[in-house]
Amino acid sequence: MQLSPSRCQYYCQVFTFEQPTGPYKVGTVTYDWKDEQREETFTSDPGDKRELMVQIWYPADSQAKGRTAPYISNADVFAEGFSTILNLPKALFTTFGYVKTHAIESAELSQEESTYPVLLFSHGFSGHKNQNTFQVEQLASHGYIVVGIDHTYSSTASVFADGRVAPYVQQDLNSGTYLDQANPGWVEDAKFVLDQVEKLAKNDPDNRLQDEWICRMWGCSVIPLAEQRVRRCSWRMRGSKQP
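Reference entry: report on the structure contained in this document. No experiment lies behind these values; they were computed from the predicted model shown. Every chain is numbered on its own, with residues counted from 1 as its sequence reads. It should be noted that, the model being predicted, local features are given only for residues of pLDDT at least 70 and side-chain atom pairs only at 80 or more, the latter also being counted only at that level, while totals for whole chains, interfaces and linings use all residues. Side-chain calculation: all heavy atoms of the structure are included, whereas hydrogens and water are not.

1. Comments concerning the overall build of the chain
Okay, so step 1: The secondary structure content of the chain amounts to 5 helices and 9 strands.
Okay, so step 2: Starting at the N terminus, helices and strands are each numbered in turn, a helix being any DSSP run of H or I of at least four residues and a strand any DSSP run of E of at least two. When its helices and strands are written in sequence order, the chain yields α-β-β-β-α-β-β-α-β-β-β-α-β-α.
Okay, so step 3: Taken over 243 residues, the chain has a buried fraction of 50%.
Okay, so step 4: Contacts between residues were defined by any pair of non-hydrogen atoms, one from each residue, lying within 4.5 Å. Contacts in the chain between residues at least 24 apart in sequence constitute 76% of all its contacts with a sequence separation of at least 6.
Okay, so step 5: Per-residue and other accessible areas follow the Shrake-Rupley method at a 1.4 Å probe size, with only the shown protein chains counted as cover for residues. In the structure as shown, the chain presents an accessible area of about 12,400 Å², 48% of it carried by carbon and sulfur atoms. Burial classification: accessible surface area is computed with a 1.4 Å probe over protein chains only, and a residue below 20% of its type maximum counts as buried, one above 50% as exposed, and the rest as partly exposed.

See the structure below:
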(Lines give C-alpha, C1' and ligand atoms only; values in the text may rest on other atoms or scores of the structure.)
Protein backbone atom coordinates (compact mmCIF):
# COMPACT_ATOMS: atom_id res chain seq x y z
CA MET A 1 0.00 0.00 0.00
CA GLN A 2 1.36 3.43 -0.92
CA LEU A 3 1.02 5.93 1.92
CA SER A 4 0.15 9.54 1.25
CA PRO A 5 2.06 12.16 3.30
CA SER A 6 -0.99 12.73 5.55
CA ARG A 7 -1.38 9.00 6.20
CA CYS A 8 2.35 8.61 6.71
CA GLN A 9 2.30 11.36 9.33
CA TYR A 10 -0.35 9.32 11.14
CA TYR A 11 1.20 5.86 10.76
CA CYS A 12 4.93 6.70 10.77
CA GLN A 13 6.55 7.71 14.01
CA VAL A 14 7.95 11.23 14.33
CA PHE A 15 11.13 10.84 16.35
CA THR A 16 12.39 13.36 18.89
CA PHE A 17 15.81 14.42 20.13
CA GLU A 18 16.65 14.11 23.81
CA GLN A 19 17.21 17.31 25.73
CA PRO A 20 20.92 18.25 25.65
CA THR A 21 22.57 17.72 29.04
CA GLY A 22 24.97 20.68 29.08
CA PRO A 23 24.59 23.93 31.02
CA TYR A 24 24.05 26.06 27.89
CA LYS A 25 21.04 26.54 25.69
CA VAL A 26 21.74 25.95 21.99
CA GLY A 27 21.53 28.56 19.25
CA THR A 28 21.84 28.09 15.51
CA VAL A 29 22.21 30.14 12.33
CA THR A 30 22.57 29.15 8.67
CA TYR A 31 24.69 30.75 5.95
CA ASP A 32 24.86 30.49 2.16
CA TRP A 33 28.53 30.99 1.21
CA LYS A 34 29.94 31.10 -2.33
CA ASP A 35 33.62 30.57 -3.10
CA GLU A 36 34.25 32.96 -5.98
CA GLN A 37 37.74 31.48 -6.47
CA ARG A 38 36.55 27.95 -7.32
CA GLU A 39 34.61 26.59 -10.26
CA GLU A 40 31.78 24.15 -9.58
CA THR A 41 32.96 20.89 -11.16
CA PHE A 42 29.59 19.11 -10.93
CA THR A 43 27.89 21.41 -13.43
CA SER A 44 28.65 22.26 -17.05
CA ASP A 45 28.27 26.02 -16.59
CA PRO A 46 31.78 27.50 -16.84
CA GLY A 47 30.74 30.48 -14.69
CA ASP A 48 29.26 28.40 -11.88
CA LYS A 49 31.11 28.87 -8.59
CA ARG A 50 31.29 26.48 -5.65
CA GLU A 51 28.48 27.31 -3.23
CA LEU A 52 27.95 25.74 0.20
CA MET A 53 25.17 25.76 2.76
CA VAL A 54 26.65 25.97 6.25
CA GLN A 55 24.92 25.76 9.62
CA ILE A 56 26.48 26.83 12.92
CA TRP A 57 25.38 25.68 16.36
CA TYR A 58 26.69 27.44 19.46
CA PRO A 59 26.25 27.92 23.23
CA ALA A 60 23.36 30.35 23.63
CA ASP A 61 22.53 32.83 26.35
CA SER A 62 20.62 31.31 29.27
CA GLN A 63 17.75 33.77 28.71
CA ALA A 64 17.50 33.04 24.99
CA LYS A 65 14.00 32.48 23.66
CA GLY A 66 12.58 32.04 20.20
CA ARG A 67 11.58 29.58 17.54
CA THR A 68 13.42 26.27 17.53
CA ALA A 69 14.91 25.18 14.23
CA PRO A 70 13.42 22.23 12.35
CA TYR A 71 15.59 19.15 11.99
CA ILE A 72 15.44 19.57 8.22
CA SER A 73 14.30 22.67 6.39
CA ASN A 74 12.70 22.13 2.98
CA ALA A 75 11.65 18.66 4.08
CA ASP A 76 9.98 17.81 0.77
CA VAL A 77 13.25 18.31 -1.10
CA PHE A 78 15.13 16.10 1.34
CA ALA A 79 12.40 13.44 1.30
CA GLU A 80 12.85 13.29 -2.47
CA GLY A 81 16.61 13.03 -2.01
CA PHE A 82 16.37 10.22 0.54
CA SER A 83 13.90 8.40 -1.68
CA THR A 84 16.19 8.60 -4.70
CA ILE A 85 19.38 7.65 -2.86
CA LEU A 86 17.86 4.77 -0.87
CA ASN A 87 15.37 3.66 -3.56
CA LEU A 88 12.53 3.74 -1.06
CA PRO A 89 9.10 5.42 -1.15
CA LYS A 90 9.27 9.15 -0.57
CA ALA A 91 6.37 8.96 1.89
CA LEU A 92 8.62 7.15 4.37
CA PHE A 93 10.65 10.33 4.84
CA THR A 94 7.92 12.98 4.96
CA THR A 95 7.80 12.89 8.78
CA PHE A 96 11.27 14.44 8.93
CA GLY A 97 9.55 17.73 8.29
CA TYR A 98 7.76 17.48 11.63
CA VAL A 99 10.88 16.80 13.71
CA LYS A 100 11.95 19.69 15.93
CA THR A 101 15.32 20.38 17.50
CA HIS A 102 16.36 22.18 20.68
CA ALA A 103 18.38 24.85 18.82
CA ILE A 104 16.94 28.37 18.96
CA GLU A 105 17.21 30.24 15.68
CA SER A 106 19.50 33.31 15.81
CA ALA A 107 19.82 33.19 19.60
CA GLU A 108 22.39 35.38 21.33
CA LEU A 109 25.75 33.76 22.02
CA SER A 110 26.38 33.01 25.70
CA GLN A 111 28.82 35.42 27.35
CA GLU A 112 29.76 32.95 30.08
CA GLU A 113 33.14 32.36 28.41
CA SER A 114 35.38 34.72 26.45
CA THR A 115 36.19 32.02 23.85
CA TYR A 116 34.68 28.72 22.72
CA PRO A 117 36.37 25.89 20.81
CA VAL A 118 35.12 25.32 17.26
CA LEU A 119 34.42 21.93 15.68
CA LEU A 120 33.95 21.43 11.95
CA PHE A 121 31.47 18.70 10.97
CA SER A 122 31.61 17.09 7.53
CA HIS A 123 29.06 14.44 6.52
CA GLY A 124 29.75 11.36 4.39
CA PHE A 125 28.68 10.85 0.77
CA SER A 126 24.91 11.37 0.41
CA GLY A 127 24.71 12.62 4.00
CA HIS A 128 23.87 16.15 5.14
CA LYS A 129 24.96 18.71 7.71
CA ASN A 130 22.04 17.99 10.06
CA GLN A 131 22.45 14.22 10.21
CA ASN A 132 24.26 14.29 13.60
CA THR A 133 21.94 16.84 15.19
CA PHE A 134 21.72 14.88 18.46
CA GLN A 135 25.51 14.97 18.79
CA VAL A 136 25.89 18.55 17.61
CA GLU A 137 23.31 19.90 20.08
CA GLN A 138 24.94 17.99 22.90
CA LEU A 139 28.33 19.49 22.05
CA ALA A 140 26.94 23.02 21.77
CA SER A 141 25.21 22.66 25.13
CA HIS A 142 28.62 21.86 26.64
CA GLY A 143 30.34 24.92 25.22
CA TYR A 144 31.38 24.06 21.66
CA ILE A 145 30.67 25.97 18.47
CA VAL A 146 29.93 23.44 15.72
CA VAL A 147 30.09 24.30 12.03
CA GLY A 148 28.29 21.86 9.69
CA ILE A 149 28.87 21.79 5.93
CA ASP A 150 26.65 20.49 3.15
CA HIS A 151 29.12 19.34 0.45
CA THR A 152 27.09 20.41 -2.57
CA TYR A 153 26.13 17.60 -4.99
CA SER A 154 27.61 15.06 -2.55
CA SER A 155 24.98 15.75 0.12
CA THR A 156 21.39 14.48 0.20
CA ALA A 157 20.45 17.89 -1.18
CA SER A 158 21.47 21.52 -0.84
CA VAL A 159 18.80 24.21 -0.77
CA PHE A 160 20.30 27.66 -1.21
CA ALA A 161 18.98 30.87 0.30
CA ASP A 162 17.12 31.84 -2.90
CA GLY A 163 15.41 28.44 -3.14
CA ARG A 164 17.65 26.83 -5.76
CA VAL A 165 18.17 23.11 -5.20
CA ALA A 166 21.37 21.15 -5.85
CA PRO A 167 20.45 17.43 -5.67
CA TYR A 168 22.78 14.59 -4.85
CA VAL A 169 24.78 13.41 -7.87
CA GLN A 170 25.41 9.66 -7.99
CA GLN A 171 29.09 8.93 -7.44
CA ASP A 172 31.32 5.85 -7.67
CA LEU A 173 31.80 5.13 -3.98
CA ASN A 174 33.33 1.70 -4.68
CA SER A 175 36.28 3.23 -6.49
CA GLY A 176 39.29 4.10 -4.39
CA THR A 177 40.57 6.22 -7.26
CA TYR A 178 37.38 8.27 -7.33
CA LEU A 179 37.48 8.80 -3.55
CA ASP A 180 41.09 9.93 -3.80
CA GLN A 181 40.05 12.44 -6.45
CA ALA A 182 37.04 13.63 -4.45
CA ASN A 183 38.99 14.17 -1.24
CA PRO A 184 40.83 17.36 -2.33
CA GLY A 185 37.51 19.02 -3.20
CA TRP A 186 36.16 18.37 0.27
CA VAL A 187 39.40 19.66 1.76
CA GLU A 188 38.94 22.88 -0.21
CA ASP A 189 35.34 23.09 1.05
CA ALA A 190 36.57 22.83 4.64
CA LYS A 191 39.38 25.35 4.12
CA PHE A 192 36.97 27.83 2.53
CA VAL A 193 34.48 27.45 5.40
CA LEU A 194 37.28 27.96 7.94
CA ASP A 195 38.25 31.15 6.12
CA GLN A 196 34.65 32.36 6.23
CA VAL A 197 34.33 31.53 9.92
CA GLU A 198 37.57 33.38 10.61
CA LYS A 199 36.17 36.46 8.84
CA LEU A 200 32.94 36.10 10.79
CA ALA A 201 34.86 35.85 14.06
CA LYS A 202 36.70 39.10 13.32
CA ASN A 203 33.62 41.04 12.28
CA ASP A 204 30.31 39.46 13.25
CA PRO A 205 27.68 42.14 14.00
CA ASP A 206 25.55 39.49 15.72
CA ASN A 207 28.44 38.52 18.04
CA ARG A 208 27.96 34.78 17.54
CA LEU A 209 31.64 33.89 17.25
CA GLN A 210 34.72 35.01 19.12
CA ASP A 211 38.06 36.17 17.78
CA GLU A 212 40.17 33.41 19.31
CA TRP A 213 39.35 29.75 18.92
CA ILE A 214 40.65 26.23 18.47
CA CYS A 215 39.48 24.16 15.50
CA ARG A 216 39.08 20.43 15.08
CA MET A 217 37.28 18.45 12.36
CA TRP A 218 35.21 15.28 12.47
CA GLY A 219 32.73 13.44 10.32
CA CYS A 220 32.50 10.48 7.93
CA SER A 221 33.91 8.91 4.76
CA VAL A 222 37.00 10.74 3.46
CA ILE A 223 37.30 12.95 6.54
CA PRO A 224 40.31 11.33 8.30
CA LEU A 225 42.58 12.33 5.42
CA ALA A 226 40.78 15.62 4.89
CA GLU A 227 41.19 16.48 8.56
CA GLN A 228 44.95 16.09 8.41
CA ARG A 229 45.19 18.30 5.32
CA VAL A 230 42.90 20.97 6.77
CA ARG A 231 44.54 21.04 10.17
CA ARG A 232 47.99 21.52 8.67
CA CYS A 233 46.86 24.80 7.14
CA SER A 234 44.54 25.99 9.91
CA TRP A 235 47.08 27.07 12.54
CA ARG A 236 47.53 30.38 10.71
CA MET A 237 44.38 31.68 12.40
CA ARG A 238 45.11 34.33 14.98
CA GLY A 239 44.78 33.04 18.52
CA SER A 240 44.48 29.38 17.48
CA LYS A 241 46.62 26.62 18.85
CA GLN A 242 46.98 22.95 18.06
CA PRO A 243 44.76 20.80 20.32
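2. Notes on the pairing of strand E6 (residues 145-150)
Okay, so step 1: Taken across its 6 residues, E6 has 6 buried, putting it largely inside the fold.
Okay, so step 2: Residues Ile145, Val147 and Ile149 of E6 are buried on one face, and the alternating residues Val146, Gly148 and Asp150, pointing to the opposite face, are buried as well.
Okay, so step 3: Both strand E5 (residues 118-122) and E6 contribute to a ladder of 5 bridges, which runs parallel. Of the residues in E6, the one forming a bridge with Leu120 is Val147. A pair of strands is considered paired only if DSSP assigns at least 2 bridges between the two.

3. Side note on the environment of Ile56
Okay, so step 1: Structurally, Ile56 can be placed in strand E2 (residues 49-60).
Okay, so step 2: Note: C-alpha distance between Ile56 and Ile149 (93 residues apart in sequence) is 8.9 Å.
Okay, so step 3: With near-sequence residues (within four places) excluded, Ile56 lies in contact with Gly27, Thr28, Val29, Tyr31, Ile145, Val146, Val147, Leu200 and Leu209.

4. Some thoughts on the pairing of E5
Okay, so step 1: E5 sits mainly inside the fold: 5 of its 5 residues count as buried.
Okay, so step 2: Burial along E5 is two-sided: Val118, Leu120 and Ser122 facing one way and Leu119 and Phe121 facing the other are all buried.
Okay, so step 3: Remark: the E5/helix H3 (residues 133-141)/E6 crossover connection has right-handed handedness. Handedness of a crossover is defined as follows: with both strands directed away from the viewer, a clockwise route from the first strand across the helix to the second makes it right-handed.

5. Some details on the nonpolar core
Okay, so step 1: Side-chain atoms within 4.5 Å link the members of a nonpolar core, which is a set of buried Ala, Val, Leu, Ile, Met, Phe, Trp, Tyr and Cys residues. Ranked by internal contacts, the top residues of the largest apolar core, which has 27 residues, are Trp33, Ile56, Val147 and Val193.
Okay, so step 2: Those elements that place two or more of their residues in this core are strand E1 (25-39), E2, E5, E6 and helix H4 (176-202).
Okay, so step 3: It is H4 that contributes the most residues to this core, 7 residues altogether.
Okay, so step 4: In contact with Val193, other than residues within four places in its own chain, are Trp33, Leu52, Val54, Leu120, Val147 and Ile149.
Okay, so step 5: Listed in part, the 11 residues of the second largest apolar core include Phe17, Ile72, Ala79 and Phe93.

6. A closer look at empty space enclosed by the protein
Any empty space left between the atoms is revealed when a probe the size of a water molecule rolls over them.
Okay, so step 1: Put simply, the grid is 1 Å and covers the protein atoms alone, a cavity is a trapped set of points that fit a 1.4 Å probe, a pocket is an open set with protein on both sides within 12 Å along at least five of seven lines, and lining residues have an atom within 4 Å of a point. Grid points are joined across faces, edges and corners, and a volume is the space filled by probe spheres set on the points. Scanning the entire structure with this criterion turns up 2 cavities of 30 Å³ or more.
Okay, so step 2: Around the second largest cavity, the lining residues are Gln55, Trp57, Ala69, Pro70, Tyr71, Thr101, Ala103, Asn130, Thr133 and Glu137.
Okay, so step 3: Where the lining of the second largest cavity is concerned, the elements lending two or more residues are E2, strand E3 (68-70), strand E4 (100-105) and H3.
Okay, so step 4: Residues were grouped as follows: Ala, Val, Leu, Ile, Met, Phe, Trp, Tyr, Cys and Pro as nonpolar; Asp, Glu, Lys and Arg as charged; and all remaining residues, including Gly, as polar. Looking at the lining of the second largest cavity residue by residue, the classes come out as 5 nonpolar, 4 polar and 1 charged.

7. What about the layout of surface pockets?
Okay, so step 1: In this structure, the largest pocket occupies an estimated 340 Å³ of space.
Okay, so step 2: Looking at the lining of the largest pocket, the elements with two or more residues in it are E1, E2, E3 and strand E7 (157-159).
Okay, so step 3: Considering only residue class, the lining of the largest pocket consists of 11 nonpolar, 7 polar and 3 charged.
Okay, so step 4: There is about 240 Å³ of room inside the second largest pocket.
Okay, so step 5: Considering the residues around the second largest pocket, the lining is formed by 14 residues, among which Thr41, Phe42, Gln181, Ala182 and Gly185 are closest to the centre.

8. Here's the deal with a nonpolar patch on the surface
Okay, so step 1: Each patch groups residues whose relative accessible area exceeds 30% and which form no salt bridge, using 9 Å between like charges and 5 Å between nonpolar side chains of Val, Leu, Ile, Met, Phe, Trp and Tyr. By definition, a salt bridge exists where a carboxyl oxygen of Asp or Glu is found within 4 Å of a side-chain nitrogen of Lys or Arg. Among the surface-exposed residues, Leu86, Leu88 and Leu92 lie close enough to one another that they form a single nonpolar patch of about 260 Å² accessible area.
Okay, so step 2: Tracing the chain through its elements places Leu88 in the loop between helix H2 (75-86) and E4.

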